[in-house]
Structures are given as C-alpha cells and as structure tokens.
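So the chains spell out like this:
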Amino acid sequence: MWSALLLPSGVVTVGNAVVAANSPGPYGENFLNILPIGLLAVIFGTILFSGAIRPRYRGRSRVMLNCFYFLGQVVIGIGVWAGSCLGFMELR
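Here goes a summary of the coordinates provided. Keep in mind the model is a prediction, meaning the values are calculated, not measured. (Residues numbered from 1 in each chain as written. Predicted model: local features only at pLDDT ≥ 70, side-chain atom pairs only at ≥ 80, totals over all residues. Heavy atoms only, no water.)

## A look at the packing of helix H2 (residues 34–53) against helix H3 (residues 60–91)
A pair of packed helices can be characterised by two numbers: the angle between their axes and the separation between those axes.
Next up, step 1: Relative to each other, H2 and H3 sit at 150°, their axes nearing to 9 Å. With respect to their mutual orientation, H2 and H3 come out roughly antiparallel. Judged by the twist between their axes, the crossing of H2 over H3 is right-handed. Facing H2, whose interface residues are Ile34, Leu35, Leu39, Val42, Ile43, Gly45, Thr46, Phe49, Ser50 and Ile53, H3 presents Arg62, Leu65, Asn66, Tyr69, Phe70, Gln73, Val74 and Trp81. (Axes fitted to C-alpha atoms, helices over the stretch in contact; angles between N-to-C directions. Helix = DSSP H or I, 4+ residues; strand = E, 2+ residues; numbered from the N terminus. Parallel < 35°, antiparallel > 145°, perpendicular 65-115°, else oblique. Left-handed = near helix turned anticlockwise from the far one by under 90°. Contact = heavy atoms within 4.5 Å.)

## Side note on helix H1 (residues 2–22)
Next up, step 1: For H1, spanning 21 residues, the distance from its first C-alpha to its last is 30 Å, which sits close to the expected 30 Å at 1.5 Å a residue.
Next up, step 2: Taken together, the buried positions of H1 are occupied by Ala4, Pro8, Ser9, Val12, Gly15, Asn16, Val19 and Ala20.
Next up, step 3: Those residues of H1 hidden inside the fold are in contact with H2 and H3. (Expected span 1.5 Å × (residues − 1). Buried < 20%, exposed > 50% of the residue type's maximum accessible area, 1.4 Å probe, protein only.)

## What to know about the packing of H1 against H3
Next up, step 1: Contact pair H1 / H3: the axes reach a minimum separation of 9 Å and the direction vectors enclose 25°. As judged from the angle between their axes, H1 and H3 are roughly parallel. H1 and H3 meet at a crossing whose hand is right-handed. Residue-level contacts link Ala4, Leu5, Pro8, Ser9, Val12, Thr13, Asn16, Ala17 and Ala20 of H1 to Tyr69, Gln73, Ile76, Gly77, Val80, Trp81, Ser84, Cys85 and Phe88 of H3.

Take a look at the structure:
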C-alpha cells in the first residue's frame, strides 16, 4: 500500500528532474510532458491500492476509497509537479 501512495509523487519528481537536466529551452515548456505520465502513474497506483485494500474492504466502501485515493493523488501530484517545477527551474 505504501508503494501505491509513493509511486505517483515519485514519478512526477523524478520526471521533472530528468526534464530539468535535459531541457534545451529556456522556459521549461517540457515540464508539461510530465503531467500525462503522472496521470498514468496515478491510474497504476489506483490499481495497486485497490489490490492492497481488497482483503479488508468490500462493496461501496472500497469504491469510495478508490475514488478518494484517485482524487487525492491527482491533487497531490499536481502540487508536487508545480513545486518541483519551481524548484528545478531555480537550479537551471
């Protein structure tokens, strides 16, 4: 379960670090390419999270937990993306 919680934020941070190291443009427009990759990481993390909570939760409570996991990871992912964009832009 902890890997499912860490996966999207880690993917976004590492992706922004790679883009910052290899981006030729002065404006950092390549940072936008990380958003769809982060969304795919959130979807994959939702699958892992659903498998982790399957033995304990059934029915509507599991659906609700999965929906809130997805929404929470999207919000956290966008926040981590924006923060790491600003942080890595300062290093360039």
